[in-house]
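In case you want the letters, here they are:
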Amino acid sequence: MATVIVNGTPTDIGDAKINLIQAAEKAGVLIPSYCWHPALTVVASCRMCLVEVGEKKPDGTVAMQPRVVPACQTPAKDGAVVVTNSEKAKYAQAQTLESLLLNHPLDCPVCDKAGECHLQKQYHEWDHHPSRITQEKMHKPKVVDLGPQIVLDAERCILCTRCIRVCDEVAKDHQLEMAWRGDREQLTVAPGKQLDNPYSMNTVDVCPVGALTAKDFRFTMRAWELYTTPSVCPGCATGCNVEVHHNNGRVYRLIPRENQAVNKFWMCDEGRLTYHALTKGRIAGARLSGEPAAAAKV
């Protein structure tokens, strides 16, 4: 049985092979991150989860590493000491967050991700300082049609590569890639392709900001105005666990609900759109034989 000390609190992690983000979560400590996802490979690209790490010696002393390390890429080992609230760790996180915000458009009032955006939440929790940039921000393509279901706003993208890994590892179809370098780097489709795999809308779920939005939900309802009801997708016999997001008797979207035994974190695009049958083409009342059906009012 392994024990990790998180901010001075011993935390039993059992025999699980987990990283420091997951170990801290067991201790009730949230380490901010953007690129890490429990079901995707680790790339440690956003550098938001930088923490201080050390090791407790047999004599009781603690030897800390001189540099902060990414918690997503560091395995939790027995006797490890993790400090997330030191001045060094908080300074590293604040600097990373400021770097991500340098060229980010502050268009939260019109962004579909507002209320669910990790960048928005962590700005208020970890930084909350006005921007120091005085020159014009870097502009990138907006309202880019990537495929039948997805629209890209490249200015909002923080280059976390979650969406790329979803295509590669869940859909098994390499359709997204990063192009160019430096502050001009941006997400794009692979040459000669579009984002049309059967799991393309999962990229919207994993996107921590409003860079990828679903055409089906775009500009329809604010996230904080939606009520959530757990349910099961009726699209096929798989029985994917879902959350029904609704308001005033109308369903606005279905998103996957984690169930490691059934659908894990994902669901197909076809299943997400099954809610349209609730309002489109439904018979509103009884009719005589040969009489046209009355359309349902929505």
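Just above sits the structure.
Okay, so let's go over this structure.

Cut-offs applied
- Residues numbered from 1 in each chain as written.
- Predicted model: local features only at pLDDT ≥ 70, side-chain atom pairs only at ≥ 80, totals over all residues.
- Heavy atoms only, no water.
- Disulfide = S-S within 2.5 Å.
- Buried < 20%, exposed > 50% of the residue type's maximum accessible area, 1.4 Å probe, protein only.
- Core = buried A, V, L, I, M, F, W, Y, C linked by side-chain atoms within 4.5 Å.
- Helix = DSSP H or I, 4+ residues; strand = E, 2+ residues; numbered from the N terminus.
- Contact = heavy atoms within 4.5 Å.
- Phe/Tyr/Trp six-rings, centres within 6.5 Å; stacked < 30°, edge-to-face > 60°.
- Lys NZ or Arg CZ within 6 Å of the ring centre and 35° of its normal.
- Pairing = 2+ DSSP bridges.

**Structural notes on the state of the cysteines**
- Considering all chains together, one arrives at zero disulfides under this definition.
- Between C46, a free cysteine, and C35, which holds the nearest cysteine sulfur, the sulfur-to-sulfur gap is 3.7 Å.
- Between C268, a cysteine without a disulfide, and C236, which holds the nearest cysteine sulfur, the sulfur-to-sulfur distance is 6.1 Å.
- A relative accessible area of 24% means that C268 is categorised as partly exposed.

**Quick look at the nonpolar core**
- Residues Y34, L119, L176, L187 and L212 are the most contacted members of the largest nonpolar core, which totals 30 residues.
- Going through the elements one at a time, helix 2 (87–101), strand 8 (150–152), helix 4 (162–169), strand 9 (176–179) and strand 11 (212–214) are the ones with two or more residues in this core.
- Apart from the residues within four sequence positions on either side, L119 is in contact with Y34, L97, L100, L101, H104, I158, P208 and V209.

**Let's talk about the packing of aromatic side chains**
- In the structure shown here, the tally under the stated rule is one aromatic pair.
- The ring centre of F217 lies 4.3 Å from the NZ or CZ of R253, which sits over that ring.

**Observations regarding the sheet that holds strand 8**
- The strand order across the open sheet built from three strands is 7-8-11, with neighbouring strands paired in antiparallel fashion. The sheet is open, and its two borders are formed by strand 7 (144–145) and strand 11, each paired with just one other strand.
- As judged from the three bridges shared by strand 8 and strand 11, these two strands associate in the antiparallel manner. Looking at strand 11, one finds that I150 is bridged to A214.

On their own, these measurements won't tell you what the molecule is for.
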